Amino acid sequence: MKVVETFGLSKTYVQDVIGVEYGRLKIRLRNRHIEALKDLTMSVEEGEIFGLLGPNGAGKTTTIKILMGIHFATKGRAQLMGRPLGDLEVKKRIGFLPENPYFYDYLKGWEFLNYYGQLYGMSGRRLRKRIEELLEMVGLSHAANLPLKGYSKGMNQRIGLAQSLLNDPRLVMLDEPQSGLDPLGRKEVRDIILKLKEEGRTVLFSSHILSDAEMICDRVGILFKGQLINIGSMTELLSAKKYQFELVVSGLKPEKEEALKAGAAKSLESDHQLMLVYTDEEKAQKGIQETIGAGGTVLSFTPRTETLEEYFIRHVRGEAA
Amino acid sequence: MTDKTASQPNMPHSLSALAEFEPGSQSTWRDKIWPLLLWLGLITLLFRPLLWNDIREIASPALGADKKPVPPPGQAGWNLAVDLVCYLLCCFTLVQLIVGRIGFIALNTFREAVRNRILYFILFFALILMLASGIVKELSIVAHERIVTNLGLSCISFFGLMTAVFVGISLVYNELDKKTIYTIVSKPVHRFQFLLGKFFGLLLTIYVIVGIMTVFFFAVFNYQAQTTDQAVENVLYSPPDAQGVRHLVERPGLAKTAFLAKAMGKSVAQSAGNVLGFPSGAVSQNMLIAVAMICLELMIITAVAVLFSSFSTPSLSAMFTVMVFAAGRLNEDILRFANRVIADALKERGAATFAALSLGVKIKVWFAQLCALIVPNLDSLNVTSSVVYSDTISVWRYSVLYAFCYTAMVLMLAILIFRKRNFK
């Protein structure tokens, strides 16, 4: 079952620009068209974590804004849970966290969640219990009665996450949930996303922190300059082949080190340690044997697969070329 | 899967996102019908006065106040039907306010306004100015009641406007600027509900402020009435001894007049007592009507403020709103201008009818009439002067209806602009 479907979604922003040409002293008004999103067709299956990845300005936020009804698409259409955008019944089952959220700073944390709960049509004991649970979950129980004015960036992100889960949503859309958080906060958000998946919810999130996305996504879509350049599961996108082997050795004589360096594709020397990078598995094995044969010590040996980041850079470079 | 739902009793939905959308469950009709009814209500309210076929009367009710239009006999039943529809739809709107999310948004808007410090500054200055009416009235030797009444009512109107401008303008803009609108739009709330929530919240704030000012004004008025009447009586009816001289020294302006009147004879003294002091003696019903009319006026201004702030920046919207208020207060002067132009042209040309006039004059007149039609006619709601001069005030039914219709129209325009807007 498809929870999110888009068909040829395009968005063009029109900016009024007053162009001043000094050459002939011309002043003219013209419109600048910015194609933020070009012909995006994709879908998100039920129960999966889908990552929308891409550099800044790739169109991730635009896509999410269109899906949430904040912006309207110039062309194309989209469906959430099989219904057209803007359907209130669907909105009752969606949670949304915008990028760099900022909320009413005159409200207390608790009041804020209460207000948003009321907008979902919740009330009374059920709402109160849900708010307590969520504050517990995002670790803000101590700040429930503090005004949002005094919240730090991380706390804002957490209360934002809490408001997106108020209605017990089936689909959660998170726009850059990890931006502005410290490593610990990022891990916590990651854990929450995994927990949401465990509970059977669908999560769609955008990110440019690729290592985080790599750890949790079932499938990713990669956007670049408004175009979807690839979509698929992590295993489909990243070749499973080990493509690089790193060997760290020590305790070798200088002439033996030279010989090993000659055999490796890349090498890096620091005090008492030598790191050798091989692209061929056989050569790497030989390197290990030679080290042991010469009385040296193997400190570590790491076969590496391609990371999302490397894949990404490869693709973006290929696109630019 | 099933044991997971059992372990989490607070999850009423089934775990599948799509499970609840059975083909038979057409639960969206309610979401569609409420806005439809609301719109229908607003539109009916708008065209309600037009049914009596006299657009000029709507543009300037006060001008034609003496010749009340008599509906043709066949139309009485028709009017009753329309009235019924109007009231029903008003009830629907109320229900929508309570059942729908508008009420919550309005309450939150009210909370935002109440936690804004500017509101208290406005209130503080309003109360100070009303207190000052006790001093200001001494500048005049007669008509103290008029001065206190005029100052008080003008204060309520002016500071109500200030609240609408300084508190109201930023309310919609803040949500857009700080992007809180993103999360509101993602909730099951229509955009028009958001805008109406803002409007009603702002209106509630303004009415609370107006209420406080009114209570304060009435208290000041009653206090002034008592003390002044006492002073006048003291001078008029006390023997010309040391006591009488002391009153003279204490209230020089008032007492001098009273003293002169006394010197002119008993009957003059009696009528002077009526003019000098507070003839009505206490807060009158007319004052309450004047406050109610101010409330209607502020309703129009609030709608205008919401309209401007739905697409403009706060400083520009504040300027526009104040301008609309000023133009609205001068509305009937615009029509008077048009009539003057016609009269002058007729005299100059010796023509008998408007049709015989030149195109230039016609364009001038049409433009003025168009302006008067577009700009809210706040003149027709302004009964302060009638109250001050103790005239009988006739609140024309059209004026009240006009206020509601104009508000509805402006709000509809705001909703239209807001409906398809991309929030940046």
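Residues numbered from 1 in each chain as written. Chains lettered and ligands numbered in written order. Predicted model: local features only at pLDDT ≥ 70, side-chain atom pairs only at ≥ 80, totals over all residues.

Focus on the environment of Leu381 of chain B
All names here are of chain B.
Phase 1: Inspection of the secondary structure puts Leu381 in the loop between helix H16 (359–374) and helix H17 (384–388).
Phase 2: In this structure Leu381 comes out as buried when scored by C-beta crowding, with 30 C-beta atoms within 10 Å.
Phase 3: Separated by 156 residues in the primary sequence, Leu381 and Ala225 have C-alpha atoms spaced 27 Å apart.
Phase 4: Not counting residues up to four positions away in its chain, the partners in contact with Leu381 are Met293, Leu296, Glu297, Ser399 and Ala403. (Helix = DSSP H or I, 4+ residues; strand = E, 2+ residues; numbered from the N terminus. Buried ≥ 20, exposed ≤ 12 C-beta atoms within 10 Å, placed from the backbone. Contact = placed C-beta atoms within 7 Å.)

Let's talk about the confidence of the model for chain B
Residues and elements named next belong to chain B.
Phase 1: Averaged over all residues, the pLDDT of chain B is 74; the fraction at 70 or higher stands at 60%.
Phase 2: Predicted confidence in chain B is weakest over helix H3 (residues 55–59), with a mean pLDDT of 38, and strongest over helix H14 (residues 314–329), with 91.
Phase 3: Below a pLDDT of 50 lies the segment residues 22–28, which in the model reaches 5 contacts outside its immediate sequence neighbourhood of four places, other chains included.
Phase 4: A low-confidence stretch, residues 49–71 (pLDDT under 50), is modelled with 38 contacts involving residues beyond four sequence positions or located in other chains.
Phase 5: In the model output, the complex is listed with pTM 0.78 alongside ipTM 0.77. (pLDDT = per-residue confidence, 0-100.)

Quick look at unusual backbone geometry
Phase 1: Notably, Lys225 of chain A is not glycine yet its phi reads approximately 50°, a positive angle.
Phase 2: Position of Lys225 of chain A relative to the elements: it lies in the loop between strand E9 (219–224) and strand E10 (227–233).
Phase 3: Overall, the presence of 17 C-beta atoms within 10 Å leaves Lys225 of chain A in the partly exposed class.
Phase 4: A positive phi is found at Lys179 of chain B, a non-glycine position, where the angle reads about 65°.
Phase 5: In this structure, Lys179 of chain B sits in the loop between helix H7 (144–177) and helix H8 (180–186).
Phase 6: Judged by the 19 C-beta atoms lying within 10 Å of it, Lys179 of chain B is partly exposed.

Some details on the sheet that holds strand E3 (residues 49–53) of chain A
Residues and elements named next belong to chain A.
Phase 1: Ordered in space as E6-E7-E8-E3-E9-E10, the 6 strands form an open sheet in which the pairing is mixed. If you trace the sheet from one side to the other, it starts and ends with strand E6 (94–97) and E10, each paired once. Taking the axes of each pair of neighbouring strands and ignoring which way they run, one obtains an average angle of 15° across the sheet.
Phase 2: Pairing analysis gives 4 bridges linking E6 to strand E7 (residues 171–175), with the strands arranged parallel. Counterpart to Leu97 in the pairing with E7 is Leu174.
Phase 3: Against the sheet, helix H5 (residues 153–164) makes contact with E6 and E7, and its axis sits at roughly 165° relative to E6, the strand it touches most.
Phase 4: Contacts between helix H6 (residues 183–198) and the sheet are confined to E3, E7 and strand E8 (202–207), with E8 contributing the most and set at about 155° to the helix. (Pairing = 2+ DSSP bridges. Axes fitted to C-alpha atoms, helices over the stretch in contact; angles between N-to-C directions.)

Let's talk about the interface of chain A and chain B
Phase 1: Chain A puts 36 residues into the contact, and the matching count from chain B is 30 residues.
Phase 2: If you list the elements that add at least two residues to the side of chain A that touches chain B, you get helix H2 (88–91), E6, helix H3 (109–119) and helix H4 (124–138) of chain A.
Phase 3: In terms of residue count, H3 of chain A provides more of the side of chain A that touches chain B than any other element does, 4 residues in total.

Let's talk about the sheet that holds strand E12 (residues 266–270) of chain A
Residue and element names in this part refer to chain A.
Phase 1: With antiparallel pairing, the 4 strands of this open sheet are ordered in space as E12-E13-E11-E14. Either end of the sheet is taken by a strand with one partner, and the two such strands are E12 and strand E14 (297–304). Averaged over all adjacent pairs, the angle separating strand axes in this sheet is 15°, with direction ignored.
Phase 2: In this sheet, strand E13 (residues 273–278) lies alongside E12 in antiparallel orientation, the contact comprising 5 bridges. Paired with Leu268 across the two strands is Met275, which belongs to E13.
Phase 3: Contacts between helix H10 (residues 281–293) and the sheet are confined to strand E11 (244–250), E13 and E14, with E11 contributing the most and set at about 10° to the helix.

A short note on H7 of chain B
Residue and element names in this part refer to chain B.
Phase 1: Between the first and last C-alpha of H7 there are 48 Å, a value that for 34 residues agrees with the 50 Å anticipated at 1.5 Å per step.
Phase 2: With 24 of 34 residues buried, H7 lies mostly within the body of the structure.
Phase 3: Remark: Lys179 follows H7 within two positions and exhibits a positive phi of approximately 65°. (Expected span 1.5 Å × (residues − 1).)

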